[in-house]
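What follows is the residue order along each chain.
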Amino acid sequence: MYLADCHLHTHHSPDSEAAFDDIARAACAAGLSAVTVTDHVEMGAFIREGYVLSHPASLAETAETAERWRGRLTILRGVELGEPLENLTETGKLLDAPLDFVPASLHNLPGIDDFYFLNYGEWDIPRLLDQYFAQLLGMVHWGRFDSLAHLTYPFRYLPPQWREEGYGRWRECIDAVLSALAEKGLALEINVSGLRQEIGRTLPDLPIIRRFRELGGEWVTVGSDAHRPEDVGRHIQDGLALAAEAGFRYYAVYENRTPQAHSLKHI
């Protein structure tokens, strides 16, 4: 079966030290046919952190590594595009690059730290999440990406009682996001990183994946969000199994910004 990990990071992301050849070796050991390198570009912080300046180097090393591993592993060019609406000028320049796949993400709200860093005892969590889903919907309406990454990202870091309560009060907001994705023909990412973290479930989890299918969603992608070689390919088959359980017959691997359908029949 064709197995691909469509979301992972290398040393060109500020939160990873992974070397390209180590990623490739780990992918082959995990039985993968393909990986997509999606190093971070955070548009809200691009000047301060230098993400845009470093991304051409990521693309160049991706191409070099793909050539070295040709015949053993397909290595595709991507970028995890964070907060694209915060700097549409630089976002437009970035999207002119030769890319296979662009997952878009929302790690923080304007002027606020990444959800990873917040002290939630100091925040009105319902209001924070209201703003998050509103920003997410705006990003989907903009729509110049391929797959929406880790839709339920903040829940990875919220206090346990919020994870247990679930997404009920934001159900209408989530439906609006999923409907907009479906109408635009965009994909929903099944990010399996939560299966190796405290949250213990994919981002998003099965009910939301199934709801996306009910609302007309056609495409899903699956990614480990690995920042270390040992996490490359982990739980990819679990993510594919959820896609099949939700009613999808295939999943997408993007090449030249075009979804290539791969069957879920034998999952």
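Please refer to the structure higher up on the page.
Here the residue numbers are simple positions, counted from 1 along each chain's written sequence. Under the rules for a predicted model, residues below a pLDDT of 70 receive no local features and side-chain atom pairs below 80 are neither given nor counted, while totals for whole chains, interfaces and linings still include all residues. Remark: hydrogens and water are excluded; side-chain values derive from all non-hydrogen atoms of the structure.

Looking at the nonpolar core
The set of buried Ala, Val, Leu, Ile, Met, Phe, Trp, Tyr and Cys residues whose side-chain atoms join them within 4.5 Å is what this entry labels a nonpolar core. To sort residues, take the accessible area from a 1.4 Å probe on protein chains only and compare it with the maximum for the residue type: under 20% means buried, over 50% means exposed, and anything in between is partly exposed. One finds Leu 136, Phe 145, Leu 148, Leu 151, Leu 181 and Val 232 to be the most contacted residues of the largest nonpolar core, which totals 87 residues. Here a strand is any run of E in DSSP of at least two residues, a helix any run of H or I of at least four, and the numbering for each starts at the N terminus. Tallying contributions element by element places helix H5 (residues 125–142) first for this core, with eight residues.

Digging into the packing of aromatic side chains
Aromatic pairing here means that ring centres of Phe, Tyr or Trp (its six-membered ring) are within 6.5 Å. Orientation follows from the plane angle: under 30 degrees is stacked, over 60 is edge-to-face, and everything else is tilted. Summed over all chains, the structure comprises 14 aromatic pairs. Between the aromatic rings of Tyr 116 and Tyr 157, the centroid separation amounts to 5.3 Å while the plane-to-plane angle is 85 degrees, which identifies the pairing as edge-to-face. Pair noted here: Tyr 116 is in the loop between strand S6 (103–105) and H5 and Tyr 157 is in the loop between strand S7 (147–148) and helix H6 (160–165), with a separation of 41 residues, a long-range link. Given a relative accessible area of 22%, Tyr 157 falls into the partly exposed group. Both rings, one in Tyr 132 and one in Phe 133, keep their centres 5.1 Å apart while their planes meet at 70 degrees; by these two values the pair is edge-to-face. Its relative accessible area of 2% is what places Phe 133 among the buried residues. Put simply, the rings of Phe 115, Tyr 116, Phe 117, Tyr 132, Phe 133, Tyr 153, Phe 155, Tyr 157, Trp 162, Tyr 167 and Trp 170 touch in pairs and so form one group of aromatic residues. Placement of a positive charge over a ring is assigned whenever Lys NZ or Arg CZ falls within 6 Å of the ring centre and within 35 degrees of the normal to the ring plane. Against the face of Trp 69 rests Arg 72, its NZ or CZ located 4.1 Å from the ring centre. The aromatic ring of Phe 248 is capped on one face by Arg 213, whose charged end is 5.3 Å from the ring centroid.

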